[in-house]
Amino acid sequence: VIATNHNVPRYDYASSLRWDPNPYDQKLRLETLQDAAAIHVLFPKFAQWFPKNLQHKIVAIPNYININFDFISDKIEKNNVILAVGRLTKTKNYNILIDSWAKISSIYPSWSVKIYGDGPERAGLISLIRRHELMESIEIISPIRSIASEYRRASILCHPAKFEGFGLVVAEGLAAKLPVVAFSDCEGIVEYVKDGVNGLLADRSEGAVGLAFALSRLIEDENLRNELAENGPAAVASFSEHDYRERWVGLIQSVLDDGIK
């Protein structure tokens, strides 16, 4: 058995906010790893959470980007759009994006925010948009199949999530040359989003003000946007389906041949 973990381990095994909060359930799930031949995590940093006696079993293999951007022309016209993509849940934290935009929207009347997604927080987010009187500059749009084109048409990707196992949307955005604004403590995406290289990372303690400041910097500085955008694809180049498949096949074969003691 290879146990595979697709989120931040401390949330899956130790948080009462995720899965079954029963401490006995959490204890049993962690104990099952003792008998696994190998333990998969998405990033090497995630391995640090596990007990020392499990460290020798842990192998890090990130997810892959399954959207092909090759068919999209680099000459596609950019719009003054801040894009957000993902399920509308508390973890994604889109309410802070709305609060941030409320602070700066009047300064940038030619810009707008588009949030693509659906989920349990939809009604609450729409209500928040109305309270801020931002109906003309923020849209919440149901998921679409042609999201790759939206990545290329937008100018900024904002992903204010509390944490991510991998952050597929962010990786796709970087592959599409879209600079990212996120929080500096968002586990998962900070493994490949680097402040001042391919995105801007705000301090979560500064809340909506910090996020608004990062967005303002990119809105006002086209040269910075372009510089960060050009650095995006290199950061996720290793997240290919080929590399993913080869590493998984190699792990499975090593367990079949020798096991991981």
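See above for the structure.
Rules and cut-offs
Residues numbered from 1 in each chain as written. Predicted model: local features only at pLDDT ≥ 70, side-chain atom pairs only at ≥ 80, totals over all residues. Heavy atoms only, no water. Helix = DSSP H or I, 4+ residues; strand = E, 2+ residues; numbered from the N terminus. Rg over C-alpha atoms; globule rule 2.2 N^0.38 Å. Buried < 20%, exposed > 50% of the residue type's maximum accessible area, 1.4 Å probe, protein only. Contact = heavy atoms within 4.5 Å. Disulfide = S-S within 2.5 Å. Pairing = 2+ DSSP bridges. Axes fitted to C-alpha atoms, helices over the stretch in contact; angles between N-to-C directions. Parallel < 35°, antiparallel > 145°, perpendicular 65-115°, else oblique. Nonpolar A, V, L, I, M, F, W, Y, C, P; charged D, E, K, R; others polar.

Chemist: Explain the overall build of the protein chain to me, please; I cannot follow it from the model alone.
Modeler: Along the protein chain, the regular secondary structure elements total ten helices and nine strands. Taking 18 Å as the expected radius of gyration for a compact globule of 261 residues, we find that the protein chain reaches 20 Å, a close match to that expectation. Overall, the protein chain is about 60 × 40 × 30 Å in size when its C-alpha atoms are taken along their principal axes. Relative to its full complement of 261 residues, the protein chain shows a buried share of 49%. In the protein chain, of all internal contacts separated by at least 6 residues, the share reaching a separation of at least 24 is 69%.

Chemist: Just to check I follow, could you spell out the state of the cysteines for this structure?
Modeler: Each disulfide is one covalent bond, formed between the sulfur atoms of two cysteines. Applying the stated criterion across every chain yields a total of zero disulfides. No disulfide involves C158; its nearest neighbouring cysteine sulfur is the one of C186, lying 11 Å away.

Chemist: What am I meant to see in the sheet that holds strand 9 (residues 199-202) here?
Modeler: Within a beta sheet, neighbouring strands are joined by backbone hydrogen bonds and run either parallel or antiparallel to one another. The sheet built from six strands is open, its strands ordered 6-5-4-7-8-9 with parallel pairing. Of all strands in the sheet, those with a lone pairing partner are strand 6 (138-141) and strand 9, marking the two edges. This sheet shows a mean twist of 20 degrees between the axes of neighbouring strands, independent of strand direction. Pairing analysis gives four bridges linking strand 5 (residues 112-116) to strand 6, with the strands arranged parallel. Residue pairing across strands places I115 opposite I140, the latter belonging to strand 6. In this fold helix 6 (residues 168-175) packs onto strand 4 (81-85), strand 7 (156-159) and strand 8 (180-183), with an angle of close to 165 degrees to the strand it touches most, strand 7.

Chemist: Could you clarify how one ought to interpret the packing of helix 3 (residues 94-104) against helix 4 (residues 122-131) in this entry?
Modeler: Two quantities define a packed helix pair, namely the angle between the helix axes and the distance between the axes. Their axes nearest at 10 Å, the elements helix 3 and helix 4 cross at an angle of 10 degrees. Classified by the interaxial angle, the pair formed by helix 3 and helix 4 is roughly parallel. Note on element contacts: helix 4 touches helix 3 through L125, L128 and I129, opposite Y94, N95, I98 and D99. Looking at the contact of helix 3 with helix 4 residue by residue, the class counts come to five nonpolar, one polar and one charged.

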